[in-house]
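Analysis of the macromolecular model
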Amino acid sequence: WNDADMLLGSSSHAAVSLTQLQSRAQFSLWAVMSSPLMLGAHFLEMAKYDVQTYTNKEVIRINQDRLMKPGKLVYSTCPDYPKFKMSVADDGIT
């Protein structure tokens, strides 16, 4: 099991925070890794951008897929965006 620790978010109220783009990238990576999606921030104090990020149903579906298989890196032009491949259930049930 992957356990990449808490998601930080971009809230200015937090002791440690990321930029909005970094927080969205972190959320996406945690989802592809099938890591638990636990927030290390107070939800009621989050920026609207973070709420939109953390409630993205498509990303959550990837993370919560019943096969629970993490994605595998299939292509990278580091430092540009890497590409991942995942096996997900094809029955539409998560």
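Note: the structure precedes this text.
The model shown is predicted, which means the values in this text are computed figures rather than measured ones. (Residues numbered from 1 in each chain as written. Predicted model: local features only at pLDDT ≥ 70, side-chain atom pairs only at ≥ 80, totals over all residues. Heavy atoms only, no water.)

1. Considering the overall build of the chain
The line we're drawing: Numbering of helices and strands starts at the N terminus; helices are DSSP runs of H or I of at least 4 residues and strands are runs of E of at least 2. Between buried and exposed lies partly exposed: a residue is buried under 20% and exposed over 50% of the maximum accessible area for its type, with that area taken using a 1.4 Å probe on protein chains only. Throughout, a residue-residue contact means that at least one pair of heavy atoms, one from each residue, lies within 4.5 Å. Where accessible areas are quoted, they stem from the Shrake-Rupley method and a 1.4 Å probe; at the residue level, only the protein chains shown are allowed to cover. Positive charges are assigned to Lys and Arg, negative charges to Asp and Glu, while His and the chain termini are left out of the count. For this purpose, a charge sits on NZ of Lys, CZ of Arg, CG of Asp or CD of Glu.
Broken down by element type, the chain carries three helices and two strands. Secondary structure of the chain in N-to-C order comes out as α-α-α-β-β. Expressed along its principal axes, the backbone C-alpha trace of the chain runs to roughly 40 × 35 × 20 Å. By the burial criterion, 22% of the 94 residues in the chain qualify as buried. Expressed as a percentage of contacts within the chain between residues at least 6 apart in sequence, the contacts between residues at least 24 apart total 57%. Approximately 6700 Å² of the chain is accessible, and the part contributed by carbon and sulfur atoms is 58%. In the chain, which carries 9 positive and 9 negative side-chain charges, the distance between the mean positions of the two groups comes to 7 Å.

2. Remarks on unusual backbone geometry
Backbone geometry at S34 places phi at a positive 60 degrees, although glycine is not the residue there. On the basis of relative accessibility, which here comes to 12%, the residue S34 falls in the buried class. Residue M68 is not a glycine yet carries a positive backbone phi of 55 degrees. Topologically, M68 is positioned in the loop between α3 (57-63) and β1 (72-75).

3. A short note on a nonpolar patch on the surface
This is how the line gets drawn: In this analysis, a patch consists of residues with relative accessible area above 30% that form no salt bridge, clustered at 9 Å for like charges and at 5 Å for the nonpolar side chains Val, Leu, Ile, Met, Phe, Trp and Tyr. We define a salt bridge as a side-chain nitrogen of Lys or Arg found within 4 Å of a carboxyl oxygen belonging to Asp or Glu.
A cluster of nonpolar side chains, L29, L73 and F84, forms an exposed patch at the surface whose accessible area comes to about 260 Å². In this fold, F84 is placed in strand β2 (residues 83-85). Given a relative accessible area of 37%, F84 falls into the partly exposed group.

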